[in-house]
Structure formats: structure tokens, C-alpha cells
Amino acid sequence: MKVKSSLSYLSIAIGSILSLSAHADILLSQYVEGSGFNKAIEIANTSDQSSTLDGYTLAKSINGNGEWGNKLPLDGRTIPAHGVLVIANTQASQDILALSQETNGSVLNFNGNDPVALLHNGAVHDVIGTMGGSYFAKDVTLVRQSNAFTPSPTYVASQWTTAAKDNIDGLGSVDIDSPVPTFTCEGESFISIQEVQGEGSRSPLLSGSGNTTDQQYTVKGVVSGVTTGITKGFYLQALEDDYNSNTSEGLFIYTGQSASDLKPGDVVCAKGKVKEYYDLTELSADNRQWVKLGEQQPPQATDIVPSESDDNFAQTLERYEGMLVNLPADLNMRVTRTFSYDYDARRNNMVVAQGRVNVQPNQNFAAGSEQAKQQSLENAQRRLFIESDQTAADGKIPYYPQFGRSDIDQDGSTEDYIRINDTLRGAQGILTYTYGEYRLVMTNTLSQDNFVHNSPRNAAPQVKKGGDLRIATFNVLNYFNSPFGGDANTHGSNRGAKTAAEFEIQQAKIVRAILQLDADIVGLMEIENNGFGEGGAIHQLVEQLNQQIRKPENRYQYVAMDTNQDGTIDSRDSIGTDAITTGLIYRSQRVTLTTPRIIHMPSQQAPAVYDKDGNLIEDGKNYQRDSLAPTFTVRSNQGGEQALTIAVNHFKSKGSTCWEDAAPVESGGQGQQDRDFQGSCENFRVAAAVALAEALKKIPGHQVILGDLNAYGKEDPLLVLTDYTPAKYGKTIHAARNTFINGKPQFGDQGADITQGYGYISAVSMIHPDNWSYSYNDEVGSLDHILISPSLKMHVIDATDWHINAAESSLFDYSNKYKGDLPKYRDQYRASDHDPAVLELKMGGAVNGVLLVSLFGLLVIRRYA
């Protein structure tokens, strides 16, 4: 029965005559790991006497790192007989705080993988969770079973019953003597697993819109898998086939506690209510309503086979929900995100998509269009997460143990890698549904033989030859040398490598990549903004490059600016006021620098935005990095010179917040919603695109706009720079309000509608319409662009992305964080998170018997002997 404390904690603490009880009577009894700061711990006293907590400490181990780093001494506190002490996070909900005796913001701030212990005189007395970083209890409430009221220095999951996130039933009181029912399965009436699953996405046993049946049902099957991590319970496979391809043969049995005494091949009877738990059909057999009846051969994996009746791949997966399945080769499952962090499930995993890689909706379709919305829907319908039951250890893929560890030919690169667009075949596991996605919980081990590299690694960009000028764009992912002997950065702290060893790897990778690019002009983004002196990041990078280039004509120099106009170019000069900046390196034997130039980008100085309670949401003050836009003279083999301006850009981030994102819809904002998948600040990036194009209109000659524009191929800033008209795209593009360029107003309080694009051409898209350079979540698209003025179109030999970064796992980058003992490689792969883009031009002269001549704006091709 439920026994509640008859006296409050406060009255006991003040007025009771206290007596000590045995330490076995003090234990952890409830754990709440809810949404936001809804965290609480209940400590119970199961004895018949009041107990003091002198000598006890509540402690937390961050990420299960093996140390009790956060501690709350409990000396002086007392818990009454059969009573509890509830400690909650300082910012927990009012419902939780009302049941709590005190608050704490340090220990009471856990995320499901932080073990919590009750220490007595420094030793572990009782504990919830395990060391190592596994998510033993994320988004759940744990309640200790009344038959397990004995403290233990080792976590025993079977002693705890699991309730849903934010469930605080029983918090503030302790259940002393409720017996655990004994289930035998004798005399039960059975229903088949197929009947529970039905032919649709919901169990036919559920009535109306409810998600739980009133009646309990009993099923029998053979265990195909036991899970204690991503789901807690076991999976049963039907003992008999109903020969209906529309009904699944598998079912998840939720236990709320460990079922580790079961194994594949065990024949089990289970009873409980049928639920749709966040769209996963399950039978909830808590209170241990299951029993092993016998053993047989474990189930064999069933190939997933689409049916002509399936409207999409998600419907195909629904027919196999809860089953042990195999991904055959002809299913064509393409890796669309390599092994990396999943922020929804808070774990590392991989994502595959059926038939093709998932493309960001705005890459090929105008943001907000019906086609873009359809693309987003189709991406969701093709998606499948590849999981491990337990959280992966740092630097390891649990189901691919050899990943990143071989270098058989000793060429400095591993043969065991996974790239976006690889075909995954032969993966086996339990198909489940959680966190809004279908997930394959792996049961077999993968090797390189399970992956077909449809887009294998290329040591150098695959560019058609025949040009005489190569231009590239390269985001170098926070190349900072100031902590390692470089000049100081006056605009911010280090964003790059944290140790000298990391920096050495980062530098080696970037240098290797630029050398393989073999470009005459390279625009750089995310290089440290610490000036142009000998200790500057760009100076050091060029120095490192030139040390490995033997031919003098192929060596680089960089564009330097006297930005403070003191007559000297040194470490005191910088472009803009951000910690990172844009840069440009070039071969002076190929082009001659004539005019160094900075184009100032807009800032936003809009009113602040507050919520209904008067809290500041957005201060309205936003900034962009200035563009470096030098003009060069290109010498032609046929005589004459041509002017070429290269504008290197890094537009405002999608992850920022600008006025238009925060302001309510009735005020002209978006109400903190991203309906068209552009992220934040697209209106501010439009203002930057207009500022850039207007400045370039005043500069004669050919022009190239390159860099990280933080906009996909058909998002508003790209449309403005290219071929936008309201009629063509059926939308109005609006520039941000209250923007200023170098102190002068650009747009007023209302911003501005843009009515015409500026006519630049996306060189890479022109030749490769399916191009992409960046991967975010499980979608790819181009943030890194090379846009050319129409005058350059006739000079283009080729343009392409070089997939050395975005296609690769982030486990191969320079950082040591979360890498464990994974080997480090100094190759060009994962030198950054953005892929370089390359443009090959023929500015004059003849190659391979072809002479390009401009005649009245037409392209004339003459062959000669």
C-alpha cells in the first residue's frame, strides 16, 4: 500500500526527537529526468524511526566520467520514519517544486547519462546509473520497486520501474510494501502478434484517438532481441506466419526495467495493455508480466522488400515494425549522414535513405515553394537511422569495430571509412520507432564489405583540364594560430584547435587539401582575424604551403590590407570585427593584384524584441563579416589583359537570430518559426546580397562571387544574386529592416522588397545540377558557391565540388574531443566541414587545338593545326 509521511520535513526538522537508524534504511527511491529543468531526486527513509543524513552526500558524475564531480552534502537534514526528502532543480516546474523540500542547480542537473549516487562518508552507498556515458535513463522517471528497498553501490536496473517523461506520480511519498505480482501465463487467452499490429500504422485494438487499450492482452512469441538502451524491453517474433505481408510479425514488449535474463530464441508469454507510444506499437508488460516458456532456434532476419501497394518507404518500414530485418543490396540504402551526433536521441548514429541521398529542400527548389515542402516530406519518408542499443564509446562505431583503424598500404589514410552516398547492404537489426523516426537497432557487425562507395574518395578534385586559371573557395573551419605562437586576436577567443597537437593535425590537413586543389586563386573563410603580420594566421598558412611547393611560379602570397590606414600592413590590421574573417591567397605568376578592396556588409540596428512577459528575446543588433574583394589583372597568352574581381564572402549564420526571426507575425516578423527551412537571418543575408551586388556594379571587368553564403541553392540570397523575379519564383523576397552599411542607412524601418536579381550564374550548378558541399543532419546541399558574371560564362571549362569534407565522418577531423583512441590522419579528408568548390577558366590562348575567341558576345570555337 502507499504510505505517506504524516509530518512535513520542516516540522520534523524543527521539533522531533531524532534517532539514528541503520544505514540500510536510507536509499534513493525516485529519479525524475524530465523536460528542460524538470529534475528531481527522492531520498527515502524506510525505517520506523526518523533518520539524520549526517555523513551523507548527494553526488553526480558528469557523463559518467568516473568521478563524483558535483556534490551536495546532506549533513543536518533529517527524514521522518517512512518519509522522504525531495531535492529538485532550482528551475523545475511549479508542480515539482511544490513537492520538494529544497533545490539545487548543480547535482540536480542531469541528462540521463549522469549517474547519481548517495555517498556515505565518501563511499558509494546507493546509486542510479552506470559509468561510461551510456543513457541509462533519459527522458524518464524511475521509481524504485518496493521489493527492492535495499541500497546498492551497483546500479540494478531491474529494481526500478520506468514511467514517462515528466511523470511525477508518487513523488514526495514512498511505497513500502507493494508486492510484485507473479505472472505464470496459465489459463491466459492469446492474441496473435499480427492481430496486435494490424495492417495500418496503429493497432486495430485501439479505439478512437486513444493511445492505450483499456483491456490487457496476452501474446506468445520467440525473442528476437533484448534492448536496454534506446528502448527498454524485448522484441517478440510471431511463432506462426499469417502470410499477410501487410502485418508485422514482430512486437515490442515494454518492460520498464531490465529483461537481461532473456535472450534470442527464448519463447516468452507476455501480458499487458497495447499502446501506441509515440507511434511505436507496443505491449506494455510492466510489473513483470512476462514469463519464459521454453527455447527454440532464434529467428532469422527477414529481408525488407517494398510492395507495390506502399505509397512510400515509410509505409514499407511500418510493415516490418518490431521485426528482426535485413537490408538487402537491392533495397539501395544510401548513407545520407555518416556516423555523428543525433541531437534528438542524444547519441551518435548514422542515417540512410532509400534510393538516394536526402537533399536539402531549398537546394533545388525555391524556399517556401510546394516543391520544397514536398522534398522535405519525401526526405522524411525515406529516412532510416542505424543505431546501437547502447551509447557508443568515444571514437568507436559499435557495429563497425574496424572503422577508421586500418591503413594497410601506409599511405596516411584509412581504408575503413564511410562516405555520404555509400550504399549500405547486409545490415541486420531490430526495426523500431522512437524519437519520431524508424531506427534499425543493429544485431550484426559491419565491415568495409558492407559498403559500396558510389562516390569514392578522390585525392584531387576531378576537374576537366584545358583551362589557364583555376579559382577555388575553401572554408578552413576556424584555423587559429594565436594560441600556438601566432599574433593575438583582438576580436575574440580561440574557436579552433585546443592543443598544439590538434593544431598540427588541422594545419597539415588544410595544407594538404589546398596543395591538391592546385588553384591559382583561393578564397578562404573562417581563418583567424589576427592581422597580416608574420604572426598572422594567413601568413603562417601561406608559409606552410610554400614550404612544400618546389616551383616558384606555383607559390602563394596573400592579399593584405592596411585597414587602419597607418601606412603599415601588420598585425594591427584586420577585416571586420569578428574573431574569424575572409582571406585570399593567389599565385602572382598567374595574376597581378591591382586593387585590394573591402566591401562593407550591412549591420542591423533594429528595435529590441520582448516577449509578453517583458523578457528580451532579441536586441535587434546584428552584424555580418565584411567581404574581401580585390581586383586582379589576368594576362592572356594571346596578349592583352583582363580585369577580374574576386569577392570572398561569409554571410550571416543560419544559427543566429535576427529581428525578423524573433518579432511576432503581426509586427512583420516570423514569430520564431522557420516555415521555409531557411534557418535564421535570411532577410539579413538578402540585405548582404544586395549590398555586395550593388558594390560590384561599380567595378569594371569580370567578377566572381565566392564563399560560404550560408544559403542553399534556391534560397533568397542566392535568388537575389542570380535570376530572381517575383513572377518567375512566385514569391516576394524581402530584405531586413534597419540595415546600415558603414554607418549609412541601407533600408528603413520597413526593410525592402527586392524586385530583380543581379544576373550572376552559379558555375557549379550550371555544370553539375546535383551539386552539394555541406551536410546538416541527414540532408545535403550547397552553402559554398562560385557565382560568375555573365561575361565569364564563355570562359568556363568546368566547375565542381570536391567531396573531401562534408561527405566524411566528423570522427576524422583534427579535434581530439569524443575521438577516444581513434588514429589521427594527416590526409585531406575532413580538413573542414565544408567541401571546397573549384572553377576552371580559359581566359585566353589555345589548349588541345581549341582557340576561344569572343566575337560580338558570341563564343566562336576555331580548330587549328
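Conventions used here
- By convention here, each chain's residues receive numbers from 1 onward along its written sequence.
- Given that this is a predicted model, residues contribute local features only at a pLDDT of at least 70 and side-chain atom pairs are listed and counted only at 80 or more, while totals for whole chains, interfaces and linings are drawn from all residues.
- Excluded from the side-chain calculations are hydrogens and water; all other atoms, namely the structure's heavy atoms, are used.
- Points on a 1 Å grid, built from protein atoms alone, make a cavity when a 1.4 Å probe fits but cannot get out and make a pocket when they are open with protein on both sides within 12 Å along at least 5 of 7 lines; residues with an atom within 4 Å of a point are the lining residues.
- Grid points are joined across faces, edges and corners, and a volume is the space filled by probe spheres set on the points.
- The way it works is that DSSP assigns letters per residue, a run of H or I at least four long becomes a helix, a run of E at least two long becomes a strand, and they are numbered from the N terminus.
- Note that Gly is not counted as nonpolar here; it falls among the polar residues with everything else outside the nonpolar set of Ala, Val, Leu, Ile, Met, Phe, Trp, Tyr, Cys and Pro and the charged set of Asp, Glu, Lys and Arg.
- Residues count as neighbours in contact if any of their non-hydrogen atoms are within 4.5 Å of one another.
- In plain terms, two cysteine sulfur atoms within 2.5 Å form what is called a disulfide here.
- Partly exposed describes any residue whose relative accessible area lies between the buried limit of under 20% and the exposed limit of over 50%, with all areas from a 1.4 Å probe on protein chains only and scaled to the type maximum.
- Residue count minus one, scaled by 1.5 Å, sets the expected span of a helix.
- DSSP-based pairing: two strands are paired if at least 2 bridges between them are found.
- Throughout, an axis means a line fitted to C-alpha atoms (over the contacting stretch in the case of helices), and angles, computed between N-to-C directions, take values from 0 to 180 degrees.
- Classification of ring pairs uses Phe, Tyr and Trp, with its six-membered ring standing for Trp, and accepts pairs whose centres are within 6.5 Å; under 30 degrees between planes counts as stacked, over 60 as edge-to-face, and the remaining range as tilted.
- Clockwise travel from the first strand over the helix to the second, with the strands pointing away from the viewer, marks a crossover as right-handed.

The protein is annotated in an unreviewed UniProt entry as ExeM/NucH family extracellular endonuclease from Vibrio rhizosphaerae.

### With respect to empty space enclosed by the protein
If you walk through the whole model with that rule in mind, you get four cavities of 30 Å³ or more. In terms of lining, the largest cavity is formed by Ile 527, Glu 528, Asn 529, Asn 530, Gly 531, Phe 532, Ile 538, Ser 574, Ile 575, Thr 581, Thr 582 and Gly 583. Listed by contribution, the elements that provide at least two residues to the lining of the largest cavity are strand E31 (521-528) and strand E33 (580-586). When residues in the lining of the largest cavity are grouped by element, the largest group, three residues, is from E33. Looking at the lining of the largest cavity, its residues break down into four nonpolar, seven polar and one charged. One number sums up the size of the second largest cavity: a volume of about 40 Å³.

### Digging into the environment of Lys 373
Position of Lys 373 relative to the elements: it lies in helix H6 (residues 370-382). Each C-alpha atom of the pair Lys 373 and Pro 361 lies 6.8 Å from the other, and the pair is twelve residues apart in sequence. Not counting residues up to four positions away in its chain, the partners in contact with Lys 373 are Gly 368 and Phe 677.

### Let's talk about the state of the cysteines
Going through the model one piece at a time under the given rule, you end up with two disulfides. One disulfide bridge connects Cys 185 with Cys 269, the sulfur atoms lying 1.8 Å from each other. On the sign convention where negative means left-handed, the S-S torsion of about 80° between Cys 185 and Cys 269 marks this disulfide as right-handed. Residue Cys 185 is located in the loop between strand E14 (174-175) and helix H3 (193-197), and its partner Cys 269 is located in strand E18 (residues 266-277); the two are separated by 84 residues in the primary sequence. The exposure class of Cys 185 is buried, given its relative accessible area of 9%. Judged by relative accessible area, Cys 269 falls into the buried class, the value being 0%.

### Describing helix H10 (residues 682-696)
Counted at 1.5 Å a residue, the expected span for H10 with its 15 residues is 21 Å, and the 21 Å between its end C-alpha atoms agrees. Burial analysis of H10 places 13 of its 15 residues in the buried class, which makes it a mostly covered element.

### Some remarks on the pairing of strand E6 (residues 70-73)
Of the two faces of E6, the one holding Asn 70 and Leu 72 is buried and the one holding Lys 71 and Pro 73 is not buried anywhere. The sheet contact formed by strand E5 (residues 56-60) and E6 spans four bridges and is antiparallel. Its bridge partner being in E6, Lys 60 is matched across the sheet by Asn 70.

### Describing the sheet that holds strand E39 (residues 621-622)
The strand order E39-E36-E45-E46 describes an open sheet built from four strands, whose pairing is antiparallel. Looking at strand neighbours, the two that pair on one side only are E39 and strand E46 (744-747), the edges of this open sheet. Of the strand pairs in this sheet, strand E36 (residues 602-605) and strand E45 (residues 739-741) are connected by three bridges, and their pairing is antiparallel. Bridge pairing in E45 places Gln 604 opposite Thr 739. Here H10 sits on the sheet in contact with E36, E39, E45 and E46, set at roughly 140° to E36.

### A word on the packing of aromatic side chains
By convention here, two paired aromatic rings are described through the distance between centres and the angle between planes. With the rule as written, the count across this model stands at 18 aromatic pairs. Here Tyr 31 and Phe 136 contribute two aromatic rings whose centre-to-centre distance is 6.1 Å and whose plane-to-plane angle is 45°, an arrangement assigned as tilted. Highlighted residues: Tyr 31 in strand E2 (residues 26-33) and Phe 136 in the loop between strand E11 (123-128) and strand E12 (140-144), separated in sequence by 105 residues. A centroid spacing of 4.8 Å and a plane angle of 40° characterise the contact between Tyr 235 and Phe 252, whose relative ring orientation is tilted. With a gap of 17 residues between them, Tyr 235 in strand E16 (residues 233-238) and Phe 252 in strand E17 (residues 250-254) connect regions that are remote in the sequence. Note on accessibility: Tyr 235 and Phe 252 belong to one class, buried.

### Here's the deal with the sheet that holds E5
Pairing in this open sheet of four strands is antiparallel, and the strands run E6-E5-E10-E11 from one edge to the other. A strand with exactly one partner marks an edge of an open sheet, and here the two such strands are E6 and E11. Pairwise comparison of adjacent strand axes, ignoring direction, gives a mean angle of 25° for this sheet. Looking at chain direction, strand E10 (residues 116-120) and E11 are connected through five bridges and run antiparallel. In the sheet register, Leu 119 faces E11, and the bridge partner there is Val 124.

### Considerations on the pairing of E31
For E31, a buried count of eight out of eight residues is recorded, marking the element as mostly surrounded by other parts of the structure. Here strand E30 (residues 469-479) pairs with E31 via six bridges, running parallel. Within the sheet, the bridge partner assigned to Ile 471 lies in E31 and is Ile 521. For the crossover from E30 across helix H7 (residues 500-517) to E31, the handedness is right-handed. In this structure, E31 lies alongside E33, joined through six bridges in antiparallel fashion.

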